[in-house]
Amino acid sequence: MSIFQREREIITRNEFVDNFDFIEIEEFIKSADKNLFISHHFKYSNKMLVQPRGGFPTYEKVFKLYEEFLQAGVDVLPLTIDSNTRLNDYATAGKMLALSEEDDVDMLNGYPLINHGYRTTRKMMTHFNKPVSLRHGTPDARLLVEMALASGIFEIEGGPITYLLPYSKNFPLDKAFLYWKYVEKLCALYSTYNEPINRESFGPLSATLQPPVIVIVIQLIEMLLSLEEGVKSFSVSFSQSGSMIQDIVTANVLMKMAHRYATEFGYGDADIHLVYHQWMGAFPYNKEYSDALITASTVIASMVKADKIITKTRNEAFGIPTKEANARAVASVQYTLKTLKGLPVVKDEEEEEHLETMVKDIMEAVFNDSADTLWRKVFNSIKNGIIEIPFSPHIINANEVITARDPDGNIRIYERGKLPISDRCFEYEKSQIKIEKGSSVVEKIIKDIGIML
Amino acid sequence: MKIQNMPKVLFDVGSTYFKVYEEGQISHYFRDFTIPIYQDLKNKCHKTIESHTPEEIWICSSANGGLSTLIIGSSHSFSLKYTVNTAFNSGINIIDTMLYSDIDTANPPIEKIDVVIITGGIDGVKDIFDSRLFEYLKKVTYNHIVYAGSKDNIEYLSNHIENLVILDNILDNRLKINEKALKQYLTDLYQKDIMAREDIKPLYQITANQIYPTPYIVNLSLPYISESLDVADPFIVIDIGGATTDIHYSTDLINDNITGEGGYDRLVFKKLGVYKSRESLIFTAKRNEYVYELLNYLGVTEDIFDSNSKEAVKFLMQLAIFLVLYKVSRHHGEYIELKLDILNSVVLTGGISKVLSEEDAVIIVKFFYKKLLNFHNTPDIVIDRNYEIWTYGMKHLHKKDKT
Amino acid sequence: MRVVTGVVGNDVHVVANRLIEISLKERGFDVYNLGVNTYLEEFLDALIETDAELLLISSLNGEAEGWCRNLKALKSKYNFRSNPLFVIGGNLGVGEMDPDALIPKFKAYGFDLVYHQKDLNESLDEVEEVLKQRIEV
């Protein structure tokens, strides 16, 4: 038995797992309907796929949510996992699930997949027969992903960097890389049974003034780490920045570089997709304004030629949305997409070249690290501040980079910290930011964060 | 850059027996205490030694019983914590700590200390220490003394402490750990200590490589463990010896703000051995709130504490496993707290692997998980029967030294 | 001048924390930012390790009281060489509480300056003023 299979046996033998049947699961995936695989839809669909966010503690509530989504014309269903499960605390998740079932009050902010188990969850997934995307935020998602794939959930979001640095203060990054390596291997293995399992990176990061260069570098790295293990279908993603042209530039550079690095590393046969997240920052309290923001996001998603859009709701400023509000957003986005015909092709080649140069500079520095594996090179690069995420709570994050908007709303680098970008690029970035006389940098940043309020 | 030789023969020279690894095979030999280690080794393995060059032979050893330290630091959350963590990972066995603000009431250790480590403050911070430190140090007997604190105290301390070795500050200017210099110093010191011991010194006639502390090597081995044993992260390794009990744990089992990178940290319980510290093991056990349930569960009576039977040794080992788990669980605040609910594997090694059966180990771990976590299942339990874990790290040493 | 800062307790407001760090740096402080989810002991230990003249604790989720109630007892165990100024600010209470009662309460816990739902820049101006007076005295 391979080391990997032995590890799988141990991981799935758990207090909270009821007899994990590898053979039965393999048969299920081999004979699973193609409609369950988002990779299949990416291949044959000629429209942008629409996916909302959402998850509830109980089976019944998720079932009803999915019914609502289906009526609204959803393309991809989400399954958001609760925060106890994300921390591998299945005991608490189980207790809270029991309370939620008894009293009809949601004691969890998502679906505790481990406690429900794959046999139950699979019933729902096969009933709706739609592709489902697993949304979580777990550094050690080995068991969770085993459970998801066994349930018929064939898209897995996240990655060792994007699901760690924005969420955790001290979970060891080196462990996160190793745990995600397992996830990639598993997705690669299951991809050989039927249609490929799709992996998706989480580009929004901490969703606060993230400079495109950092987003792109991290997307490329997580893509390479995944393809390296044999994954054949991968989505890079990013979220609305606040400037349409910046989003277009980001999308073009991201896709170009993704294809280039994939080919260069020998993974040219993998399918790469682009996912666009509607505005991930603070939403207005006015629900009509929120509707307008969502529509504007949808237009940009079309302009950047996203393969999938992940939607928000008009209730965003008020906490977890009701299933009705959530479904309404899906219907409205689908409608907007239908109205968007004959879009112009817009390009800014100078900005693309500038962004590409910065991306290459950082990627080069990562590859030049002396470690012998890619993940260790990336680990060292994060430890040295060659890569950092603005507004990460993690102790390993350098916290030196400062970003702000230029007058057109583009996110620019104000302090570069240890990012290995050239003086020329950095001077250009910084010179774009105009801070009013008498105003402080912090006042400017606060304004720039809250542009949609 | 130091290009090392591929290791062909590995020795682990312990205090009661030594192990030899050659061409994928491990052999164990009980020490003959009537002759020096070197002679003993030559007698038993002369073929192996003669057929290899000193460059091809690599040795780790714990035969000096490990080093003892006294760490003096200025805060629990930073200087003390980082220094203790580094010392354990460097293979130090006995660690006493003193928070500097407690200096007026602290009792100096009675035993002779191998190395005193003084630390505290980021660079730029002055006047952390005063004459009370020198008065205190007069009451401590030690062989070596090092300083790994703020640069701005170096002059003052050097003027008052003889032979003070100065290292890089363990705190960097963001209050993060900077352990490299101290780790290097402590492993070098270990080597010097071994070289100074008359009985071990001759070992350098058969190897051209540095002799490393065994616990340090075990720690280096852990990233490779799943290549040979059925073990999945996060796991702990419990090494129950005659005098001390070592535990190595995956760093994601602890909720701590240390940015280390080895993946595994180590901790030693100095009074939980089954032979030399048998008395204190029993003393600790008798005060444990679960002891009577445990005796009952294992079907033995209290008399077993006074017995020297084979069964009693087995029982003491089970007891040691229970107490180690108890001491690192959230029910006990004294040591670190490990998230035992997410543990996937428990690896047992050391003398224990000769005595305990799989079943004996499972029984005791099951009791712990049932009683303290209310779990019906336990993590996977693996016994390192061959006592081979140390070899994984040894095989990678030559790669490590290249950078 | 050195300052230790961070967000107390189980509070993950990283944006506010980072903005405070940037503000303090802009004002010329050497900042030791312990980040989110920081415990009281860690703040006091950091003061010892850095000799900072200022401790600036922030709390955004309204749970500061539970975490800071023990400050006085804890402080008495430390011997600060730098006589630091203890400041707390942010959103210090939740729900129906009387905001006027908050300030004396936190002062009784051992804080020198307390800011509840106040503007960051104005508060920091005042903190700097108090620090300046202290040095002159």
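Residues numbered from 1 in each chain as written. Chains lettered and ligands numbered in written order. Predicted model: local features only at pLDDT ≥ 70, side-chain atom pairs only at ≥ 80, totals over all residues.

(A) Quick peek at the overall build of chain A. A count of helices and strands for chain A gives 18 helices and ten strands. Taken over C-alpha atoms, the radius of gyration comes to 21 Å for chain A, in line with the 22 Å a tight globule of 453 residues would show. Along the three orthogonal principal directions, the C-alpha set of chain A runs to about 65 × 55 × 40 Å. Sorting the 453 residues of chain A into buried and exposed places 54% on the buried side. For chain A, the share of sequence-separated contacts (at least 6 apart) that also reach a separation of at least 24 residues comes to 74%. (Helix = DSSP H or I, 4+ residues; strand = E, 2+ residues; numbered from the N terminus. Rg over C-alpha atoms; globule rule 2.2 N^0.38 Å. Buried ≥ 20, exposed ≤ 12 C-beta atoms within 10 Å, placed from the backbone. Contact = placed C-beta atoms within 7 Å.)

(B) The arrangement of the overall build of chain B in detail. The helix and strand inventory of chain B stands at twelve helices and 15 strands. In terms of C-alpha radius of gyration, chain B reaches 22 Å, essentially the compact-globule figure of 22 Å for 403 residues. In terms of overall dimensions, chain B has C-alpha extents of about 60 × 55 × 40 Å along its principal axes. Counting all 403 residues of chain B, 46% fall into the buried class. Sequence separation of at least 24 residues holds for 72% of the intrachain contacts in chain B that already meet a minimum separation of 6.

(C) Highlighting the domain arrangement of chain B. Residue and element names in this part refer to chain B. Segmentation of chain B into domains returns domain 1 (9-64 + 197-215), domain 2 (68-180) and domain 3 (230-387). Measuring from the centre of the C-alpha atoms in domain 1 to the corresponding centre in domain 3 gives 29 Å. Listed by partner, the interface residues are five residues for domain 1 and five residues for domain 3. (Domains from an automatic or database assignment.)

(D) Seen up close, the confidence of the model for chain B. Residue-level pLDDT values for chain B average 90, and 97% of them are 70 or greater. The ipTM, which scores confidence in the relative placement of chains, is 0.95 for this predicted complex, and the corresponding pTM is 0.95. (pLDDT = per-residue confidence, 0-100.)

(E) Quick look at the interface of chain B and chain A. On the side of chain A, 20 residues touch chain B, which itself brings 23 residues to the contact. By residue class, the composition of the side of chain B that touches chain A is three nonpolar, twelve polar and eight charged. (Nonpolar A, V, L, I, M, F, W, Y, C, P; charged D, E, K, R; others polar.)

(F) Representation of the nonpolar core. Grouped together as the largest cluster of nonpolar side chains are 290 residues, with contacts concentrated most on Val217(A), Ile362(A) and Ala320(B). Among residues more than four places away in sequence, those in contact with Ala320(B) are Ile240(B), Thr245(B), Leu272(B), Val274(B) and Leu281(B). (Core = buried A, V, L, I, M, F, W, Y, C linked by C-beta atoms within 7 Å.)

(G) Spatial organisation of the sheet that holds strand β15 (residues 380-383) of chain B. Residue and element names in this part refer to chain B. Strands sit in the order β13-β12-β11-β14-β15 across an open sheet of five strands; the sheet is mixed. Of all strands in the sheet, those with a lone pairing partner are β13 (264-269) and β15, marking the two edges. Strand-to-strand, the axes of this sheet are offset by a mean angle of 20 degrees, without reference to chain direction. (Pairing = 2+ DSSP bridges. Axes fitted to C-alpha atoms, helices over the stretch in contact; angles between N-to-C directions.)

(H) Structural detail: the interface of chain A and chain C. Counting residues at the interface gives 13 residues for chain A and twelve residues for chain C. Residues belonging to the side of chain A that touches chain C are distributed by class as follows: nine nonpolar, three polar and one charged.

(I) Seen up close, the sheet that holds strand β8 (residues 142-147) of chain B. All names here are of chain B. Pairing is parallel in the open sheet, where five strands are placed in the order β6-β5-β7-β8-β9. Strand pairing shows two members of the sheet lacking a second neighbour, β6 (94-99) and β9 (164-166), which therefore form its edges. Each neighbouring strand pair of the sheet contributes to a mean axis angle of 20 degrees, computed without reference to strand direction. Across the face of the sheet, helix α2 (residues 76-89) comes into contact with β5 (68-73), β6 and β7 (113-118) while running at roughly 165 degrees to β5.

(J) Spotlight on the packing of helix α11 (residues 212-228) of chain A against helix α12 (residues 244-264) of chain A. Residues and elements named next belong to chain A. It is the contact of α11 with α12, at a shortest axis distance of 10 Å, that shows an interaxial angle of 30 degrees. Viewed along their axes, α11 and α12 adopt a mutual orientation that is roughly parallel. Of the two elements, α11 crosses α12, and the hand of that crossing is right-handed. For the pair α11 and α12, the contacting residues are Pro 212, Val 215, Ile 216, Gln 219, Leu 220, Met 223, Leu 224 and Leu 227 in the first and Gln 246, Thr 250, Val 253, Leu 254, Met 257, Ala 258, Tyr 261 and Ala 262 in the second. Considered class by class, the residues forming the contact of α11 with α12 number 13 nonpolar, three polar and no charged. (Parallel < 35°, antiparallel > 145°, perpendicular 65-115°, else oblique. Left-handed = near helix turned anticlockwise from the far one by under 90°.)

(K) Molecular detail of the packing of helix α4 (residues 59-71) of chain A against helix α14 (residues 323-339) of chain A. All names here are of chain A. Axis separation between α4 and α14 bottoms out at 8 Å; the angle between their running directions is 25 degrees. If you check the angle between α4 and α14, you find them roughly parallel. The chirality of how α4 crosses α14 is right-handed. On the side of α4, the interface is formed by Lys 64, Leu 65, Glu 68, Phe 69 and Gln 71, while α14 contributes Lys 323, Glu 324, Ala 327 and Val 330. Here the contact of α4 with α14 is built from residues that sort into four nonpolar, one polar and four charged.

(L) The arrangement of the environment of Val50(A) in detail. Residues and elements named next belong to chain A. Of note, Val 50 is situated in strand β1 (residues 49-51). Given 25 C-beta atoms within 10 Å, Val 50 falls into the buried group. Sequence spacing of Val 50 and Ala 331 is 281 residues, and the spatial spacing of their C-alpha atoms is 9.3 Å. Ignoring sequence-local partners within four residues, the contact set of Val 50 consists of Val 74, Asp 75, Ile 309, Thr 311, Val 330, Val 333 and Gln 334.

(M) Local environment of helix α13 (residues 287-303) of chain A. Residues and elements named next belong to chain A. The terminal C-alpha atoms of α13 lie 25 Å apart, and with 17 residues this matches the ideal 24 Å at 1.5 Å per residue to within 8%. Along α13, the residues that are buried comprise Ser 290, Leu 293, Ile 294, Ser 297, Thr 298, Ile 300 and Ala 301. What you see down the axis of α13 is that its buried residues fit within an arc of 165 degrees, all on one side. In the core, the buried residues of α13 are packed alongside α12, β7 (271-277), β8 (308-310) and α14. Count one or two residues on from α13 and you reach Lys 305, which has phi positive near 60 degrees. (Expected span 1.5 Å × (residues − 1). Arc of directions from axis to C-beta.)

(N) Broad picture of the pairing of strand β6 (residues 233-239) of chain A. Residue and element names in this part refer to chain A. With seven of seven residues buried, β6 is to be regarded as a mostly interior element. Looking at chain direction, strand β5 (residues 198-200) and β6 are connected through three bridges and run parallel. What sits directly across from Arg 199, in β6, is Phe 234. Where β6 meets β7, seven bridges bridge the pair, whose relative direction is parallel. The residue of β7 that forms the bridge with Phe 238 is Tyr 276.

(O) Just the environment of Phe69(A), in detail. Residues and elements named next belong to chain A. Structurally, Phe 69 can be placed in helix α4. By C-beta crowding, Phe 69 is classed as buried, having 25 other C-beta atoms within 10 Å. Placed 260 residues apart in sequence, Phe 69 and Ala 329 show a C-alpha to C-alpha distance of 9.6 Å. Not counting residues within four places of it along the chain, the set of residues in contact with Phe 69 comprises Pro 52, Val 74, Leu 77, Ala 327 and Val 330.

(P) Summary view of unusual backbone geometry. With an omega dihedral of -10 degrees, the bond running from Asp233(B) to Pro234(B) counts as a cis peptide bond. Mapped onto the elements, Pro234(B) comes out in the loop between α6 (214-221) and β11 (235-240). We note that Asn37(C) has phi near 50 degrees; this positive angle belongs to a residue other than glycine. Along the chain, the position of Asn37(C) falls in the loop between β2 (30-33) and α2 (40-50). Looking at Asn37(C), the number of C-beta atoms within 10 Å reads 22, which means it is buried.

(Q) Local environment of the pairing of strand β10 (residues 411-415) of chain A. Residue and element names in this part refer to chain A. By the criterion of burial, β10 is predominantly enclosed, with four of the five residues buried. Where strand β9 (residues 402-405) meets β10, four bridges bridge the pair, whose relative direction is antiparallel. Counted as the bridge partner of Arg 405 is Ile 411 from β10. What sits between β9 and β10 in their antiparallel hairpin is a turn of five residues, with Gly 409 showing a positive phi close to 90 degrees.

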